[in-house]
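Residue-level listing of the chains:
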Amino acid sequence: MSDRSMLSRRRKRFKIILCILCIFIILLIFPSWTPKIRDDKGAVLPNSVSILEQIELDGIKQSILIRGKDKRNPIVLFLHGGPGYPQISYARKYQSELENDFIVVNWDQRGSGKSYHLGMSENDLQIDNLIQDTVELTEYLKQKFDQPKIFIAGHSWGSLLAIWTVQKHPEDFYAYIGIGQVANSPLGEQLSYQFALDEARKQKNKQAITDLESIGSPPYKNPRKDTTLERKWVTAFGGSERKSNSYNELMKGIFFRPEYTWADGIKLALGDAFSRKVILPQTEDTDLFKTLPELNVPVYFCMGRYDYMTPSEVVYNYFEKLVAPEKQFIWFEHSAHFPHFEEIDKFHAVLVNIKKKIISGG
């Protein structure tokens, strides 16, 4: 091969690499956005709201997604789980029906996803700071849409953040909706472990049996590592999701949906690890039976029959003891830890009924 031919091939290769690099950079920095809400003919609904914005909460810039077909509808604020497992990137997949009846708000909590910032300290992720963020976000939403109160729904770790916020400021909330509720962390971990071990033995899964017997039952010697291993098998045996796959949707959201950029995906990965490291140790001894026996707003627990991430039987026992103006425990018979994603139609119907009962008195 001649020198000229080799040089030509190298130039072509360089141009291809340069093009790929340029495309990657564009995808990395391309601004995120959320689609307008349109009618069947493609026209933007005149009273709808579709906002992806960054606001400042307790001195830290954080991202929220606001969507709804009618600005006059009541607000429902979702607090994601994890910690560090936000849902802005894929919320529309599961919440489009809710947008008919509510202003639906999703928030990447400080240290999570779009709200992760390099240089954050462990002090930034203390629970009191996150509660203050939730209070300020609630006030922001009330003022923005001129509403006296909002609904608040918390999932998994978010159920603690939400219920602690409502405990401190019940006057701001119509009702609390707990999904995959945490009630007693030590007891929940014991039941999660026993479920996984029982299933491993029932299915004669030698690897699972070996893994689980090697860490022993909680409390764990190495909490982060051992809990991760236990959760791996709880998930494998259907104790996390049965009819949905939130992780796949999260990945699709990062790469193919406009609410997230690739840079946001990197922030999500960093924030997930950081949030778990800092927040989980603050919640491992949680016992709402002792610390939150009463709540001064209506309470609705939405729990999957097969939830062994936050075992439903613990939550039901807490529900029976909890004092509240009104309370209801709603079983989702075909779900595990994500009933709002696994039984979308039922969850939508539950929230509409709650809205009618509280707002309309029906």
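Only a predicted model underlies this, so the values are computations on that prediction, with no experimental measurement involved. (Residues numbered from 1 in each chain as written. Predicted model: local features only at pLDDT ≥ 70, side-chain atom pairs only at ≥ 80, totals over all residues. Heavy atoms only, no water.)

Novice: Now, about the sheet that holds strand β4 (residues 103–108): what can you tell me, with residues and values included?
Specialist: Taken together, eight strands build an open sheet; the order of strands is β1-β2-β4-β3-β5-β6-β7-β8 and the sheet is mixed. The open sheet has two edge strands, β1 (49–57) and β8 (327–332), and neither has a second partner. Ignoring strand direction, the axes of neighbouring strands in this sheet form an average angle of 20°. Lying over the sheet, helix α11 (residues 312–321) contacts β7 (299–304) and β8, oriented at roughly 160° with respect to β8. (Pairing = 2+ DSSP bridges. Helix = DSSP H or I, 4+ residues; strand = E, 2+ residues; numbered from the N terminus. Axes fitted to C-alpha atoms, helices over the stretch in contact; angles between N-to-C directions. Contact = heavy atoms within 4.5 Å.)

Novice: Let's hear about the environment of Asp128: which residues, and what values?
Specialist: By the secondary structure assignment, Asp128 is in helix α3 (residues 127–144). Residue Asp128 is classed as exposed on the basis of its relative accessible area of 55%. With 197 residues separating them along the chain, Asp128 and Pro325 place their C-alpha atoms 26 Å apart. (Buried < 20%, exposed > 50% of the residue type's maximum accessible area, 1.4 Å probe, protein only.)

Novice: Lay out the pairing of strand β6 (residues 173–179) with the relevant residues and their values.
Specialist: Judged by how many residues are buried, β6 sits mostly within the fold: seven of seven residues are covered. Bridge analysis of strand β5 (residues 150–155) against β6 gives six bridges, and the strand direction is parallel. Within β6, the position partnered with Phe151 by the bridge is Ala175. This β-α-β element, β5 to helix α4 (residues 157–168) to β6, shows right-handed connectivity. Bridge count between β6 and β7: four bridges; the pairing is parallel. Considered in β7, the bridge of Ile179 is made with Cys302. (Right-handed = clockwise from strand over helix to strand, strands pointing away.)

Novice: Could you give an account of the packing of α3 against α4, with specific residues and numbers?
Specialist: At a minimum axis distance of 10 Å, the contact between α3 and α4 shows a crossing angle of 70°. The angle between α3 and α4 falls in the class roughly perpendicular. Both α3 and α4 take part in a crossing whose hand is right-handed. Every residue of α4 that contacts α3 at Ile127, Asp128, Leu130, Ile131, Thr134 and Val135 is listed here: Trp157, Leu161, Trp164, Thr165 and Lys168. (Parallel < 35°, antiparallel > 145°, perpendicular 65-115°, else oblique. Left-handed = near helix turned anticlockwise from the far one by under 90°.)

Novice: Lay out a positive patch on the surface with the relevant residues and their values.
Specialist: Side chains of Lys36, Arg38, Lys71 and Lys144 sit close together on the surface and give a patch of like positive charge. Among the secondary structure elements, Arg38 is positioned in the loop between α1 (3–29) and β1. The class for Arg38 is partly exposed, based on a relative accessible area of 47%. (Patch = residues over 30% accessible without salt bridge, like charges linked within 9 Å, V, L, I, M, F, W, Y side chains within 5 Å. Areas by Shrake-Rupley, 256 points an atom, 1.4 Å probe, with all protein chains shown as cover. Salt bridge = Lys/Arg side-chain N within 4 Å of Asp/Glu carboxyl O. Lys, Arg positive; Asp, Glu negative; His and termini not counted. Charge placed at Lys NZ, Arg CZ, Asp CG, Glu CD.)

Novice: Break down the packing of aromatic side chains for me, citing the residues and quoting the values.
Specialist: If you walk through the whole model with that rule in mind, you get 22 aromatic pairs. An angle of 50° between the planes, with centres 6.4 Å apart, marks the rings of Phe255 and Phe256 as tilted. Exposure remark for Phe255: the relative accessible area of 45% places this residue in the partly exposed category. Judged by relative accessible area, which is 70%, Phe256 ranks as exposed. (Phe/Tyr/Trp six-rings, centres within 6.5 Å; stacked < 30°, edge-to-face > 60°.)

Novice: Got a sec to walk through the side chain of Asp307? Specific residues and values, please.
Specialist: Note that Asp307 resides in the loop between β7 and α11. Here His337 takes part through its side chain, which lies 2.9 Å from a polar atom of the side chain of Asp307. Sequence-distant contacts of Asp307, defined by excluding residues within four places in its chain, comprise Gly180, Gly239, Ser312, Ser335, Ala336 and His337. (Polar contact = N/O pair within 3.5 Å; in protein donor to acceptor, adjacent residues only side chain to side chain.)

Novice: An account of α4 is needed here, citing residue identities and associated values.
Specialist: Here α4 spans 17 Å end to end across twelve residues, near enough to the 16 Å set by a 1.5 Å rise per residue. All of the buried residues along α4 are Trp157, Gly158, Ser159, Leu160, Leu161, Ala162, Ile163, Trp164, Thr165 and Val166. (Expected span 1.5 Å × (residues − 1).)

Novice: So what's going on with the environment of Glu326? Which residues, and what values?
Specialist: Inspection of the secondary structure puts Glu326 in the loop between α11 and β8. Judged by its relative accessible area of 26%, Glu326 falls in the partly exposed class. With 151 residues separating them in the primary sequence, Glu326 and Ala175 have C-alpha atoms 9.3 Å apart. Beyond its immediate stretch of four places on either side in the chain, Glu326 contacts Val297, Pro298, Val299, Tyr300 and Lys357. In this structure the side chain of Glu326 is engaged in a polar contact, spanning 3.2 Å, whose partner is the side chain of Tyr300.

Novice: Can you tell me about the packing of helix α5 (residues 185–202) against helix α6 (residues 206–215), naming the residues and giving the values?
Specialist: The interhelical angle for the contact between α5 and α6, taken along N-to-C directions, is 145°, at an axis separation of 9 Å. The hand of the α5/α6 crossing is left-handed. Here Tyr193, Ala196, Leu197, Ala200 and Arg201 of α5 lie close against α6, whose contacting residues are Ala208, Ile209, Leu212, Glu213 and Ile215. Its residues assigned to classes, the contact of α5 with α6 shows eight nonpolar, no polar and two charged. (Nonpolar A, V, L, I, M, F, W, Y, C, P; charged D, E, K, R; others polar.)

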